[in-house]
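What follows is each chain in one-letter form.
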Amino acid sequence: MTDTARIPDKPALEGLEAKWGGVWESDGTYRFDRSGATREAMYSIDTPPPTASGSLHIGHVFSYTHTDVMARFQRMRGKCVFYPMGWDDNGLPTERRVQNYYGVRCDPSLPYDPDFTPPFEGTEGKTIKPADQVPISRRNFIELCERLTAEDEQQFEALWRTLGLSVDWTQTYRTIADEALFTSQLAFIRNVERGEAYQALAPTLWDVTFRTAVAQAELEDREQPGHYHRVAFHKPGGGHVEIETSRPELIPACVALVAHPDDERYQPLFGTTVTTPVFGVEVPVVAHHLAQKDKGTGIAMICTFGDVTDVVWWRELGLPNRAIIGFDGRVIADAPDAITSDAGREAYAKLAGKTTFSAKQAVVELLRESGDLLADPKAITHPVKFYEKGDRPLEIVSTRQWYIVNGARDEPLRQRLVDRGREIDWHPDFMRVRYENWVGGLAGDWLISRQRFFGVPIPVWYPLDGNGDPVYDEPIVATREMLPVDPSSTPAPGFEESQRGAPGGFVGEHDIMDTWATSSLTPQLAGGWERDPELFDLVFPYSLRPQGQDIIRTWLFSTALRAELEHGVAPWANAAISGFIVDPDRKKMSKSKGNVVTPAGLLEQHGSDAVRYWAASSRLGTDAAFDPQNPTQVKIGRRLAIKVLNAAKFILGFEGAADAAVTVPVDRSMLAGLATVVEQATRALESYDHARALEVTETFFWTFCDDYLELVKERAYGEPSPEQASAVAALKTALRVLLRLFAPVIPFAAEEAWSWSNEGSVHVAAWPTVDELAARGEAGVELLELASLALTGIRRAKTDAKASQKNPVARAVIAAPEPAATLLASAEGDLRAVGRIAELRFDTAEALEVREVVLEIPAEEASA
């Protein structure tokens, strides 16, 4: 029964987040309880761990709300929901934030200072130039990383709690914690043991700003201005070959010219040689199918290395390596051995130490002087590869790095990964194509080593020979018992610390793993792989992976890869892919564009339920526009949440029991319509279409409030009778169902209203079913629809007459097809009461219409 003392005089949304957040935490409402749980009863979510560097933005609220709606739905369906939260706190974003926040930079050559105090404690968003950053030891730097991420994570958790995520906050993990280090290092060791991880000296995409290798998945093309330079390469017997290049500074690194094998213009040259301008190096002319006949002059120079195509040509054609770009993005001091002439070496000396930009200018000037620049440079705009977090074009340098196989050079593995993708149910389904296109387009194995500081150490050492040089071909891999381990501070197995760096001793690997090499193991991290076998067997493979579409190529693919290599299965049954948030100009919101909206103010101003409503209104895979100056959908959501509270207060004010007999046809018709809503909403949520579930529920709710509630309120207010009891029971039954239908989307308002007449939380109540309404709703749904139309017609007639809705009606005639007229007659009492109609007649017609409404003239108007 309803406890009227629980119902506030003026229901409001303000304060509900704090009120119910505290109750849910103290009651353990969302606590994962595995005692007695079975695999069949589990619903496990591989939740995205947000990067703990900076602040959350509106896109996080958007996608994480989608996940939370599903978690709440499955919990109410009786599933044991495993819904952890992780923090992705290692990697480059954290390092950059620490550098700017504290005004420091890492210098591994410096000793640890236990008393170090950073020069700043927050720089209010200002970027400190690298030259002004104080150098500190690696250990000091990592300590600052750990301190700042811990502070950020507390703020993130507070915002997630305000939003109402039904996460079990006892099930959290950090990608830099000991458990994460153990899991990441153990998985790597097993990759090494199975031959899936290896080290190689190879051309590597390199960011010269951050001094680190970059993987294929971290690339992005950006349109950049440039120039084509038409340059002459000299034939042995006289004459020249013309090429066009946007990178003339790489001419000293040229190892061949290449044309398509079917290009008749250059077929006579294949197998011959030409000489490079200025530097005088003889290089072969070769054929390869990747050369483009219609690009430039149809023949190009192969340099080591200008772009990824150069790498392919270099590898497949077995060409020499004459790399001239160093790790700092400048031309190295020593000229390639192939440049032997005095003139060539003198020209190269003019380039040494220059940036690629300055070197390009110098080479162009040298080409002008030699007469080998055949035309003025032609301005172009072309795509250039960047590290997604960088601001300078990538270079390709030769480095020794660690790789994990990913199917790029292993067709059976590639096919298995495609097959695993087809075992997953994708929501929406077309997102699967993006995954398959990525797998099909892989150009090389996954480069996982990074030349950074804050991350998971690669658990490897190298023996030193008698000269103190590392023997890279004989790496010493950590044992499981040593994990987690940092090779830079722990001696290699079989050695003592005193042997570090000494001839015949060892040296530790200084590189760390790419952050995706840890994030690719989130199912294992959260599920306790190799740490808690019982838990892992319960939750893995997971029920759901929710994520953004932009990281299908990184997070989703890499997780599928690690699961295939380690377990031979797809890591989840479902993948739910959210769209982007775009600004009013339909541009994707991102920090780099400066159009990101942070959610804290929005939540405070409009309430969490309103913001969740906005997020839940968008289907998976669909981009949503958001205008912070006029958040229309948020306002609609707030209006809905307030209406739910007010409707609940109104309904619970009627005297009567929810379990009384529902006998009046229009009441039964309403419940029959609600049963249809339950069926449609349930089916939509089972298909991961939360927007459709919300749409059908909300549409019914407004009809319920505007029409049915108005239609029966006079009867519900009446003296006790079977008809009065029927109206109250129908109203309270519908309210119980509607609150549960709304609970996943507007959890605070639903919980507040539920608490006024129920014990326990609505969020652990059983999801409504058709069966619980079927016995009460046998009348057809069309009766309520007809009555609503008739009521609308009567209201319109009063409005047209400029009369109050309370104005009595002397006589009204409603016409409808004969079966409909008969149905309407069963609602005559309610229509007369709500319309204040003295005489109501039903006629037959082809379509429903309010044919006649004769208003009574109020006495005061009549006397006037």
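Counting of residues starts from 1 at the beginning of each chain's written sequence and follows it residue by residue. Restriction of local features to residues with pLDDT of at least 70 applies here, the model being predicted, together with a cutoff of 80 or more for giving and counting side-chain atom pairs; totals for whole chains, interfaces and linings are based on all residues. Values reported for side chains reflect all heavy atoms of the structure, with hydrogen atoms and water molecules removed beforehand.

(A) Structural detail: the sheet that holds strand 21 (residues 476-477). Pairing between strands is defined by DSSP: at least two bridges between them are needed. Strands here mean DSSP runs of E at least two residues long; helices mean DSSP runs of H or I at least four residues long; both are numbered from the N terminus. Read from one edge to the other, the open sheet built from three strands follows the order 21-20-22, with strand pairing classed as antiparallel. The strands lining the two open edges of the sheet, one partner per strand, are strand 21 and strand 22 (506-508). Alignment of strand 20 (residues 460-463) against strand 22, held across three bridges, turns out to be antiparallel. If you follow Pro 463 over to strand 22, its bridge partner there is Phe 506.

(B) Focus on the layout of surface pockets. Reported here for the second largest pocket is a volume of approximately 1,600 Å³. Contributing to the lining of the second largest pocket are 50 residues, with Ser 246, Arg 247, Gly 306, Asp 307 and His 382 lying nearest its centre. Elements with a contribution of two residues or more to the lining of the second largest pocket: strand 9 (219-234), strand 10 (240-245), strand 14 (299-303), helix 6 (308-317), helix 8 (356-370), strand 15 (378-387) and strand 16 (395-404). The dominant element in the lining of the second largest pocket, judged by the number of residues it contributes, is strand 9, at seven residues. The distinction between a cavity and a pocket rests on a 1 Å grid over the protein atoms alone: a 1.4 Å probe fits inside a cavity but cannot get out, while a pocket stays open yet meets protein on both sides within 12 Å along at least five of seven lines, and a residue with an atom within 4 Å of a point counts as lining. Grid points are joined across faces, edges and corners, and a volume is the space filled by probe spheres set on the points.

(C) Representation of the side chain of Arg 138. Take Arg 138: it is sitting in helix 4 (residues 138-163). A simple rule labels every residue: compare its accessible area, found with a 1.4 Å probe on the protein chains alone, to the largest value its type can have, and call it buried under 20%, exposed over 50%, or partly exposed in between. We score Asp and Glu as negative and Lys and Arg as positive, and we do not count His or the chain ends. Within this document, salt bridges are pairs made up of a side-chain nitrogen of Lys or Arg and a carboxyl oxygen of Asp or Glu, the two lying within 4 Å of each other. Among buried Asp, Glu, Lys and Arg side chains, Arg 138 stands out as unpaired, with Asp 486 the closest opposite charge at 5.1 Å. A contact between two residues is defined here by any heavy atoms of the two lying within 4.5 Å. Ignoring sequence-local partners within four residues, the contact set of Arg 138 consists of Cys 106, Asp 107, Pro 108, Arg 452, Phe 453, Ser 488, His 510 and Ile 512.

(D) Local environment of the sheet that holds strand 28 (residues 809-816). Read from one edge to the other, the open sheet built from three strands follows the order 29-28-30, with strand pairing classed as mixed. Looking along the sheet, the strands with just one partner apiece sit at the ends: strand 29 (837-844) and strand 30 (849-855). Going from strand to strand, the sheet's axes swing by 15 degrees on average, the running direction of each strand aside. Where strand 28 meets strand 30, six bridges bridge the pair, whose relative direction is antiparallel. Counterpart to Val 809 in the pairing with strand 30 is Leu 855. Think of each axis as a best-fit line through the C-alpha atoms, taken over the contacting stretch in the case of a helix, with angles from 0 to 180 degrees between the N-to-C directions.

(E) Structural view of the packing of aromatic side chains. In summary, the pairing rule links any two rings of Phe, Tyr or Trp, Trp by its six-membered ring, whose centres are within 6.5 Å, and it sorts them by plane angle into stacked for under 30 degrees, edge-to-face for over 60 and tilted for everything else. Inspection of every chain in the model, using the stated rule, returns 29 aromatic pairs. Judged by centre distance (5.5 Å) and plane angle (45 degrees), the rings of Phe 62 and Trp 614 are tilted. In this pair, Phe 62 is assigned in helix 2 (residues 58-76) and Trp 614 in helix 16 (residues 608-616), connecting sequence segments 552 residues apart. Take Phe 62: its relative accessible area is 1%, and that puts it in the buried class. Relative to Trp 702, the ring of Phe 701 lies with its centre 5.6 Å away and its plane at 65 degrees, an arrangement referred to as edge-to-face. In this structure Phe 701 comes out as buried when scored by relative accessible area, which is 4%.

(F) A look at the pairing of strand 24 (residues 542-548). Within strand 24, seven of the seven residues are buried, which leaves the element mostly enclosed by the surrounding structure. Bridge count for strand 24 against strand 25 (residues 572-578) is six bridges, and the pairing is parallel. Looking at the pairing, Gly 548 lines up with Ser 578 of strand 25. Seen with its strands pointing away from the viewer, a crossover is right-handed if its path from the first strand over the helix to the second goes clockwise. Each parallel crossover has a hand, and the one from strand 24 via helix 14 (residues 552-566) to strand 25 is right-handed.

(G) Fine view of the environment of Glu 856. Along the polypeptide, Glu 856 turns up in the loop between strand 30 and helix 26 (859-863). Overall, Glu 856 belongs to the partly exposed group, its relative accessible area being 36%. Along the sequence, Glu 856 and Trp 426 sit 430 residues apart, while their C-alpha atoms lie 62 Å from each other. Not counting residues within four places of it along the chain, the set of residues in contact with Glu 856 comprises Asn 807, Pro 808, Val 809, Ala 810 and Ala 838.

(H) Quick peek at the environment of Leu 784. Assignment of secondary structure puts Leu 784 in helix 23 (residues 782-800). Considering only alpha carbons, one finds Leu 784 and Arg 34, 750 residues apart in sequence, at a separation of 45 Å. Those residues in contact with Leu 784 that sit more than four places away from it in its chain are Val 666, Ser 669, Met 670, Tyr 708 and Leu 711.

(I) Representation of empty space enclosed by the protein. In total, this model carries four cavities of 30 Å³ or more according to the counting rule given. Quantified by volume, the largest cavity comes out at close to 70 Å³. Every residue along the wall of the largest cavity is listed here: Val 69, Ala 681, Leu 685, His 690, Ala 693, Leu 694, Thr 697, Leu 741, Phe 742, Pro 744, Val 745 and Trp 767. Those elements that provide at least two residues to the lining of the largest cavity are helix 18 (665-686), helix 19 (690-717) and helix 20 (722-742). If you tally residues by element for the lining of the largest cavity, the top one is helix 19, at four residues. Of the residues in the lining of the largest cavity, the class split is 10 nonpolar, two polar and no charged. Amino acid classes used here: Ala, Val, Leu, Ile, Met, Phe, Trp, Tyr, Cys and Pro are nonpolar; Asp, Glu, Lys and Arg are charged; the rest, including Gly, are polar.

(J) Structural context of unusual backbone geometry. Following His 427, the chain continues to Pro 428 via a peptide bond in cis, the omega torsion being -5 degrees. Within the secondary structure, Pro 428 sits in the loop between strand 17 (425-427) and helix 10 (431-440). Positive phi outside glycine occurs at Val 278, with the angle close to 70 degrees. Position of Val 278 relative to the elements: it lies in the loop between strand 12 (273-275) and strand 13 (282-287). Backbone geometry at Tyr 688 places phi at a positive 65 degrees, although glycine is not the residue there. Structurally, the position occupied by Tyr 688 is in the loop between helix 18 and helix 19. Residue Tyr 688 is classed as buried on the basis of its relative accessible area of 7%.

So, to be careful, I would describe these as geometric facts and stop short of saying anything about function.
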